Amino acid sequence: MALKGTVHYETRGQVAVLTVDNPPVNPLSSGVRQGLFDGVAKALSDDAIKAIVVTGANRAFIAGADISEFGAAGSEGASLHEVLTRMENSTKPIVAALNGTAFGGGLEVALCCDYRVAAPTAPVGLPEVKLGLLPGAGGTQRLPRLVGAQRALDFILSGDPVLAPEARELGIVDEVAEGNVVEAAVAFAKDVVAKGAKLRKIRNETTKIDADRGNVELFAEARKRTASTMRGRFAPEMIIRCVEAAVNAGDFDAGLQVERECFAKCLAHPQRAALIHMFFAERECAKIPDVPKDTATKSIKSAAVVGCGTMGGGIAMCFANVGIPVTILEMDGKALDRGLGVIRKNYDRMVNRGRITPAELDQRMSLLTGTLDYAALGQADVVIEAVYENIDVKVDVFKKLEGVMKPGAVIASNTSGLDVDRMAAATSRPQDVIGLHFFSPANVMRLLEVVRGKETSKETIATAMQLGRTLKKIAVLSGNAPGFIGNRMLAGYTRQAGEVILQGATPYQVDGVLTKFGMAMGPFQMNDLVGLDLGWRARKLSGMKPEDVPITARVADKLCELERFGQKNGGSRAGTPDPEVVELIEQTSAELGIKRRKIDDDEVLKRCLYPLVNEGCRILEDGIALRASDIDIVYLNGYGFPEVTGGPMFWAEQQGLANVLADIEKFHAEYGDAWRPSELLKRLVAEGKGFSSI
Ligand code: NAI
């Protein structure tokens, strides 16, 4: 098989220039590794050559490992280890010319060079932690020798890139060069040669790590920090261990050995597979088969929002945060003042926390204009309706918008699950109508469900997906069906949580099991935070008879009758067991004739999570989501599902779909029709296939 990528070799006087060429971002594929291996050998064997420069063609230096080679058996070409050893053992100085992105293995290649010269715009980073890995090509050993353990830990644990000038400050690069960086690196190399061709092998440097030796605090502090910021993650501890070894193992090769062992552990860990799944899932979800990448999009330079409540205010902030002016319409002056006041308070809080400057606050507030007059919205490129969740109110708003919005403007609804086609039908331009379902708090949550109506144009869909990126969201396309993707799945989850507490579990047990699994919060903590009264009031308003209230809502309604709505009206903090609540649940079980029994944690977990999987399969069957990984994106970014599981669908595959189905069938027999297994799930199990096959 042909090797992938190549390395060009040219000479500039006494300097050999090796240029990595593997479009678009020069990953370390087989041909690149072989090319570097051969290129360095060639330069070393040529007496006329005194120094070597390594750089990248195109926009990147080397963007990292070739992820597509991960898990592939016996990849060809020289191994990265062989390449790096040869570079590090070079008797002629090597200068890395960082023309662009130097990530992961790319930066590790640069750390095996004697010197690093970078273009000011070049980002450098070690993002491995984000994929459940660590820099396994010596990065955890060389970086602490170059910049000290503290900085190395911060850099590797964050995984975030920095630009060359900051990398210079940190001590990762030696020189930031304006203009042509390859020429600057060649000049740098010539200068090194002129001064006696002094080599600088990072592996032999000890000054920085000598200073850190015996500093146990430093590592204890890093462990404490990651325990809270990266809860449940496996790779951070492995990274800390490696950096600890760099400082304390005494010798470079002993440290490398620790790195090799820790890397292997990360590689074998299920979190790694889950995080890489999410990495690809994020790229995949931007692709819509019948809306090609080159579909024309409308330019969004101004926006409007109708309704400045919880969601409308947050959505307006999303626009202001990226510099897009937004006009906000409310029902009356009082509601408008209140809504704008809340936005202001949110920004004030961000200033207090040092997240934005007072000047940024002023600038963002200046992009917001309140109005009570529909005519003021007319020139906006997009309008998002965020009024009460009531179809008649929404249809009425859409009729008004139709009369004022300029031709071609995108007309969107933030509905949580109502029929977008009914809103579209209230206008004469259904092709411009789409659902843009933000999550609360809209200015914080990353997820955006883009809901495609039956007449929504491809241009409108492409524009909405593009808008998602502009607003720094992750946009997932959903079909127009009740609850879309996320809320439709949530229904089964909450229902099961409600059932298990009537059958013998307690809310504290259920929340405990789910938070231990890694959910941001349990279903009862969530209800407690949102307020139990929302559903209760809606049921009262609709005139629902007590006997028609779903049994899973009865306990919450009883608490509301006692005016206990949850945290917002001064209830105790979620998670504090309350005997009165337990008694109320037991009493409700008795009234309903449900015999309570001990339900173990494993059953609680399966009862709550399997409905997500089963409903997720139905959503795929119905064509509401394009692919299983889109469902994972929705659940991770909108519903607090733990990232390290890869989302409910990926997690189910890890459990074995046959095992999941067997349990669902058992629950179906015991608890009835809510557990009817999805046809898709049955078919996949029968055929021994996974979600990627559909
Ligand atoms: P909210 O009650 O906080 O805000 C609604 C606002 O709309 C109020 O300020 C009200 O004065 C205004 N309003 C009502 N009728 C209006 C009209 N005809 N013209 C102009 N303004 C009007 O409600 P919230 O929570 O912001 O929800 C808004 C929409 O967002 C709903 O469709 C809801 O389903 C959806 N949503 C809510 C989420 C949440 O967590 N609260 C999450 C995602 C979507």
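Predicted model, so just to flag it, every value in this text is computed and none were measured. Position numbers for residues start from 1 in each chain and track the written sequence from start to end. Note on the predicted model: pLDDT of at least 70 is required for a residue's local features to be given, and 80 or more for side-chain atom pairs to be given and counted; whole-chain, interface and lining totals, by contrast, use all residues. For the side-chain quantities, the full set of heavy atoms in the structure was used; hydrogens and water were omitted.

Counting secondary structure elements, the chain contains 29 helices and 17 strands. C-alpha extents for the chain along the principal axes are approximately 95 × 60 × 50 Å. A simple rule labels every residue: compare its accessible area, found with a 1.4 Å probe on the protein chains alone, to the largest value its type can have, and call it buried under 20%, exposed over 50%, or partly exposed in between. Within the chain, buried positions represent 52% of all 694 residues. Throughout, a contact is declared for two residues whenever any of their heavy atoms are within 4.5 Å. Partitioning the intrachain contacts of the chain with sequence separation of at least 6 by distance along the chain shows that 74% fall at a separation of at least 24. Per-residue accessibility takes into account occlusion by the displayed protein chains alone, with areas from the Shrake-Rupley method and a 1.4 Å probe. Carbon and sulfur atoms make up 53% of the accessible area of the chain, which amounts to about 30,100 Å² in all. Charge assignment: positive for Lys and Arg, negative for Asp and Glu; neither His nor the chain ends contribute. Just so you know, the charge point we use is NZ for Lys, CZ for Arg, CG for Asp and CD for Glu. A distance of 1 Å separates the average location of the 82 positive side-chain charges in the chain from that of its 87 negative side-chain charges. Each helix is a run of H or I in the DSSP string that is no shorter than four residues. Each strand is a run of E no shorter than two, and both are numbered from the N terminus.

What follows covers the sheet that holds strand E5 (residues 102–103). Remark on secondary structure: sheet strands pair via backbone hydrogen bonds, oriented parallel or antiparallel. When DSSP finds at least two bridges between two strands, those strands are taken to pair. Strand order in the open sheet formed by three strands is E5-E7-E8, with mixed pairing between adjacent strands. Bordering the open sheet on either side are E5 and strand E8 (162–163), each of which pairs with just one other strand. Strand direction decides the pairing type here: strand E7 (residues 123–125) and E8, joined by two bridges, are antiparallel. From the neighbouring strand, Pro123 faces E8, where its bridge partner is Leu163.

A word on the site of the ligand. Of all residues adjacent to the ligand, which total 23 residues, the nearest are Met311, Glu330, Glu389, Lys394 and Ser416. Between the ligand and Arg338 there is a distance of 3.3 Å, counted from an oxygen atom to a side-chain nitrogen or oxygen. Relative to its unbound accessible surface of 830 Å², the ligand loses 80% to contact with the protein. Here the nonpolar group is Ala, Val, Leu, Ile, Met, Phe, Trp, Tyr, Cys and Pro; Asp, Glu, Lys and Arg are the charged ones; every other residue, Gly included, is treated as polar. Counted by class, the shell around the ligand contains 11 nonpolar, eight polar and four charged residues. A molecule or strand has a residue near it when one of that residue's heavy atoms lies within 4 Å. Think of a polar contact as two N or O atoms within 3.5 Å of one another; within protein, one of them needs to be a possible hydrogen donor and the other a possible acceptor, and neighboring residues in sequence only count if both atoms come from side chains.

Another point: the sheet that holds strand E9 (residues 175–176). Strand order in the open sheet formed by six strands is E1-E2-E3-E4-E6-E9, with mixed pairing between adjacent strands. Each edge of the open sheet carries a strand with a single partner, namely strand E1 (6–12) and E9. Alignment of E1 against strand E2 (residues 15–21), held across seven bridges, turns out to be antiparallel. Within E2, the residue paired with Glu10 across the bridge is Val17.

For Phe, Tyr and Trp, where Trp contributes only its six-membered ring, two rings pair if their centres lie within 6.5 Å, and the inter-plane angle classes them as stacked under 30 degrees, edge-to-face over 60, or tilted in between. In total, this model carries 11 aromatic pairs according to the counting rule given. Aromatic pair Phe667 and Tyr671: ring centres 6.1 Å apart, planes at 35°, arrangement tilted. Highlighted residues: Phe667 and Tyr671, both in helix H28 (residues 657–671), separated by four residues, approximately one helical turn. One aromatic cluster is present, built from ring pairs that chain together Phe439, Phe517, Tyr610, Tyr635, Tyr639, Phe641 and Trp651. Directly above the ring of Tyr9 sits Lys42, whose terminal nitrogen or CZ lies 4.3 Å from the centroid. Counting as a charge over the ring demands two things of the Lys NZ or Arg CZ atom: a distance within 6 Å of the ring centre and an angle within 35 degrees of the ring normal.

This part takes up unusual backbone geometry. If a residue is not glycine, its phi is most likely negative; likewise, a peptide bond is most likely trans. A cis amide bond, omega -5°, links Pro23 with the succeeding residue Pro24. Examined against the element boundaries, Pro24 turns out to sit in the loop between E2 and helix H1 (30–45). Omega for the bond connecting Ser440 with Pro441 falls within 30 degrees of zero, at -5°, which places this linkage in the cis form. Mapped onto the elements of the fold, Pro441 is located in the loop between strand E15 (433–438) and strand E16 (447–452). A positive phi angle is found at Asn58, which is not glycine, with a value near 60°. Counting through the fold element by element, Asn58 comes out in the loop between strand E3 (51–56) and helix H2 (80–88). Relative accessible area serves as the criterion here: at 47%, Asn58 is assigned to the partly exposed category. One non-glycine residue with positive phi stands out, namely Lys472, at about 65°. Among the secondary structure elements, Lys472 is positioned in the loop between helix H18 (458–470) and strand E17 (474–479).

With that settled, consider the domain arrangement of the chain. Split by domain assignment, the chain resolves into domain 1 (6–268) and domain 2 (303–483). Computed from C-alpha atoms alone, the centre-to-centre distance between domain 1 and domain 2 is 44 Å. Residue ranges assigned to the domains are those given by an automatic or database domain assignment.

You can see Gly535 is positioned in helix H22 (residues 533–541). Look at Gly535 and you get partly exposed, because its relative accessible area is 27%. Along the sequence, Gly535 and Gly323 sit 212 residues apart, while their C-alpha atoms lie 37 Å from each other.

We count a salt bridge whenever a side-chain nitrogen from Lys or Arg sits within 4 Å of a carboxyl oxygen from Asp or Glu. This structure, assessed with the given rule, holds 48 salt bridges. Arg446 is paired through a salt bridge with Glu282; the nearest N and O atoms lie 3.2 Å apart. Taken together, the residues span a long stretch of sequence, with Arg446 in the loop between E15 and E16 and Glu282 in helix H12 (residues 270–284) at a distance of 164 residues. Judged by its relative accessible area of 35%, Arg446 is partly exposed. Salt bridges sharing common partners tie together Arg495, Glu499, Arg597, Glu603 and Arg607.

With that out of the way, let us pick up the pairing of strand E10 (residues 303–306). Residue alternation in E10 divides its side chains into two sets, Ala303 and Val305 and Ala304 and Val306, and both sets are buried. Sheet topology note: the E10/strand E11 (residues 326–329) ladder contains four bridges and is parallel. If you follow Val305 over to E11, its bridge partner there is Ile328. With helix H13 (residues 310–321) bridging E10 and its parallel neighbour E11, the resulting β-α-β unit is right-handed. Here a crossover is taken to be right-handed if, once the strands point away from the viewer, the path from the first strand over the helix to the second is traced clockwise.

Our focus in this paragraph is the side chain of Glu385. Along the chain, Glu385 turns up in strand E13 (residues 382–385). Reaching out from Glu385, the side chain makes a polar contact with the side chain of Ser413 at a distance of 2.5 Å. Ignoring any residue separated from it by four or fewer positions in sequence, one finds Glu385 in contact with Val306, Lys394, Val397, Phe398, Ala412, Ser413, Asn414 and Met423.

Our focus in this paragraph is helix H19 (residues 486–503). What a helix is expected to span follows from its residue count: subtract one and scale by 1.5 Å. Taking 1.5 Å of rise per residue, 18 residues should cover 26 Å, and H19 covers 26 Å from first to last C-alpha, within 8% of that figure. Every buried residue belonging to H19 is among Gly486, Arg488, Met489, Tyr493, Gln496, Ala497, Gly498, Glu499, Val500, Ile501, Leu502 and Gln503, and all of these are buried. Directly after H19, the chain includes Gly504, whose backbone phi takes a positive value near 145°.

Another point: a positive patch on the surface. Only residues whose relative accessible area exceeds 30% and that form no salt bridge are eligible for patches; like-charged ones are grouped when within 9 Å, while nonpolar side chains (Val, Leu, Ile, Met, Phe, Trp, Tyr) are grouped when within 5 Å. Together, Lys345, Arg349, Arg353 and Arg355 make up a region of like positive charge exposed at the surface. For Arg355, the position within the fold is in the loop between helix H14 (333–352) and helix H15 (358–366).

Turning our attention to the pairing of strand E4 (residues 94–98). Within E4, five of the five residues are buried, which leaves it mostly tucked inside the rest of the structure. In E4, alternate side chains face the same way, and those of Ile94, Ala96 and Leu98 on one face and Val95 and Ala97 on the other are all buried. In this sheet, E4 lies alongside E3 in parallel orientation, the contact comprising three bridges. When the bridges of E4 are listed, Ile52 appears paired with Ile94. Bridge analysis of E4 against strand E6 (residues 115–118) gives four bridges, and the strand direction is parallel. The partner of Leu98 across the bridge, within E6, is Ala118.

Along the chain, Val243 turns up in helix H10 (residues 235–248). As a C-alpha pair, Val243 and Glu259 span 16 residues in sequence and 8.6 Å in three-dimensional space.

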